[in-house]
Amino acid sequence: IKDMADDEAIQATNDDASECKRYAVQLGYWSDPFINFFVKQTGRKAPEINRGYYARVKGIEVFVDKFIKLSGEKGQIINLGAGFDTLYWRLKEAGKCPANFIELDFPSITARKCYHIKKHKQLIDMLNTEDGEIRFSTTDLHAANYHLVGIDLRHISELTNKLTQAEVNFNLPTMFLTECVLVYVDAGAASALLKWLAGKFSNSIFINYEQVNMKDKFGQIMLSNLRSRGCLLAGVEDCESLETQQRRFTINNWEGSNAWTMVEVYDSLPQDDRRRIEHIEMLDEQELLVQLLQHYCISVAWNGQTFKNLSIAQG
Ligand code: SAM
């Protein structure tokens with residue numbers, strides 16, 4: 001029962017992320033014409049939260065763009081714990097769609113995402129279909145190059161089957177994305193997942209956004225950080241530092257890895273765009289933003305030569 005309560009709390013983190021994104025989009029931090037199809041309303045969020053989400057979305061976009069440039073239309077994106085992420089539609093709108101796009105999350109979340117997609121013609125119309133056919137079940141959706149599949153990521157034995165249903169191609173250049181996901185998966189299951197993916201996809205890049213620098217000055221994981229929004233951060237040990245973030249990949253058979261705090265990511269974003277968003281809302285305490293950004297990071301890992309050593313720098 002405790003585990004089920006935790007799973008429900010974990011799934012609720014998707015509502016939180018989607019609401020924060022919608023609120024920041026509404027204020028003009030970045031453009032996302034699709035998020036409001038998934039989230040109806042949001043309460044006000046603090047300016048430093050909005051700026052944090054801006055850095056998160058834009059920082060991930062830097063790597064997505066690099067992946068698309070390097071893999072052309074032959075790439076495959078697999079978003080693990082995708083929640084209500086709108087990346088597929090944003091890429092489609094920008095004319096940058098990869099060969100295949102697969103999203104995985106708990107069935108209860110994918111069912112809700114299927115419902116929103118079905119309900120909005122604008123979303124459906126943008127799904128590529130060769131023969132006009134889109135296959136829906138309660139929890140899964142299959143179109144020509146977009147697949148939404150319900151699975152508990154801790155159940156590796158089901159992954160092959162689910163990915164096969166999603167027409168995965170293990171030989172394509174592949175980008176994995178986990179945005180605030182691995183921290184909710186216990187370290188053993190997260191390791192098994194990373195190892196399994198490394199073994200199956202020899203030409204791939206993994207982009208991970210999550211917490212970092214979770215130890216206090218005595219070297220202890222800060223107790224207040226073990227739970228967030230009522231759920232256990234089961235994978236928090238790997239969020240100790242940039243080094244542990246990188247090592248979790250290399251010890252699980254990824255060839256190399258790198259990691260940056262969100263302070264570095266924020267500073268690397270185009271200056272004119274940062275200036276623009278810094279005028280949207282006043283931030284009385286700059287320090288609040290820096291503290292927030294220091295506790296999140298983007299880590300990147302790769303297999304094969306194509307995506308080796310990609311950096312956060314633009315271009
Ligand atoms: N990646 C999305 C984003 O950034 O907008 C959602 C982030 S939300 C904080 C975390 C997501 O990870 C939730 O949608 C949750 O259901 C999913 N998740 C966590 N553990 C999972 C697991 N074991 N299996 C499948 N999905 C999981």
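Residues numbered from 1 in each chain as written. Predicted model: local features only at pLDDT ≥ 70, side-chain atom pairs only at ≥ 80, totals over all residues. Heavy atoms only, no water.

**Brief notes about the site of the ligand**
Point 1. The immediate surroundings of the ligand are formed by 20 residues, with K21, R56, G81, D105 and L153 found nearest.
Point 2. At 2.8 Å, a side-chain N or O of R56 approaches an oxygen atom of the ligand.
Point 3. Here a nitrogen atom of the ligand sits 3.0 Å away from a polar atom, N or O, in the side chain of D152.
Point 4. Protein chains bury 98% of the 590 Å² of accessible surface belonging to the ligand in isolation.
Point 5. No other element matches the 6 residues that helix α1 (residues 2-27) contributes to the shell around the ligand.
Point 6. Taken together, the residues of the shell around the ligand break down into 9 nonpolar, 5 polar and 6 charged. (Near = heavy atom within 4 Å. Polar contact = N/O pair within 3.5 Å; in protein donor to acceptor, adjacent residues only side chain to side chain. Areas by Shrake-Rupley, 256 points an atom, 1.4 Å probe, with all protein chains shown as cover. Helix = DSSP H or I, 4+ residues; strand = E, 2+ residues; numbered from the N terminus. Nonpolar A, V, L, I, M, F, W, Y, C, P; charged D, E, K, R; others polar.)

**Some words on the pairing of strand β5 (residues 146-150)**
Point 1. Most of β5 sits out of view: 5 of its 5 residues are buried.
Point 2. With burial as the criterion, each face of β5 is covered, one bearing Y146, L148 and G150 and the other bearing H147 and V149.
Point 3. Sheet analysis places strand β2 (residues 100-105) next to β5, joined by 5 bridges and oriented parallel. Bridge pairing links D105 to G150 in β5.
Point 4. Across 2 bridges, the pairing between strand β4 (residues 141-142) and β5 is antiparallel. Across the sheet, the residue bridging to L141 is L148, located in β5. (Buried < 20%, exposed > 50% of the residue type's maximum accessible area, 1.4 Å probe, protein only. Pairing = 2+ DSSP bridges.)

**A look at the packing of aromatic side chains**
Point 1. Inspection of every chain in the model, using the stated rule, returns 18 aromatic pairs.
Point 2. With a centroid separation of 6.3 Å and an interplanar angle of 35°, the aromatic rings of F101 and Y146 are classed as tilted. With F101 in strand β2 and Y146 in strand β5, this pair connects stretches of sequence that are 45 residues apart. The burial state of F101 is the same as that of Y146; both residues are buried.
Point 3. An angle of 10° between the planes, with centres 5.5 Å apart, marks the rings of Y209 and Y296 as stacked. Pair noted here: Y209 is in strand β7 (residues 204-211) and Y296 is in strand β11 (residues 296-303), with a separation of 87 residues, a long-range link.
Point 4. Since its relative accessible area comes to 5%, Y209 is described here as buried.
Point 5. When its relative accessible area of 23% is taken as the criterion, Y296 is described as partly exposed.
Point 6. Put simply, the rings of F38, F84, Y88, W89, F101 and Y146 touch in pairs and so form one group of aromatic residues.
Point 7. Above the plane of the ring of F38 lies K113, whose end atom (NZ or CZ) is 5.6 Å from the centre. (Phe/Tyr/Trp six-rings, centres within 6.5 Å; stacked < 30°, edge-to-face > 60°. Lys NZ or Arg CZ within 6 Å of the ring centre and 35° of its normal.)

**A closer look at helix α7 (residues 187-200)**
Point 1. End to end, α7 covers 20 Å across 14 residues, agreeing with the expected 20 Å (1.5 Å per residue, within 8%).
Point 2. Looking only at α7, the buried set comprises A189, A190, L193, L194, W196, L197 and A198.
Point 3. Residues of α7 that are buried sit in contact with β1 (76-80), α6 (159-165), β6 (174-179), β7, α8 (242-250) and β11. (Expected span 1.5 Å × (residues − 1). Contact = heavy atoms within 4.5 Å.)

**Re the side chain of T178**
Point 1. Among the structural elements, T178 can be located in strand β6.
Point 2. For T178, a relative accessible area of 0% puts it in the buried group.
Point 3. Within the structure, the side chain of T178 is placed 2.8 Å from the side chain of N208, a separation counted as a polar contact.
Point 4. Aside from chain neighbours lying at most four places away, what touches T178 is L80, F206, I207, N208 and Y209.

**Focus on the pattern of salt bridges**
Point 1. All told, the structure shown has 18 salt bridges when counted by the stated rule.
Point 2. Here E19 ties to K45 by a salt bridge, and the two come within 3.9 Å at their closest N and O atoms. With E19 in helix α1 and K45 in the loop between α1 and α2 (47-71), the pair connects residues that are 26 residues apart, well separated along the chain.
Point 3. When salt bridges with common partners are traced through the structure, they connect K21, D32, R56, K58, E61, D85, R90 and E179 into a single cluster. (Salt bridge = Lys/Arg side-chain N within 4 Å of Asp/Glu carboxyl O.)

**Looking at unusual backbone geometry**
Point 1. Backbone geometry at C180 places phi at a positive 55°, although glycine is not the residue there.
Point 2. The residue C180 is located in the loop between β6 and α7 in this model.
Point 3. The phi torsion at N309 lies on the positive side, around 60°, for a residue other than glycine.
Point 4. Topologically, N309 is positioned in the segment after β11.
Point 5. Take N309: its relative accessible area is 48%, and that puts it in the partly exposed class.

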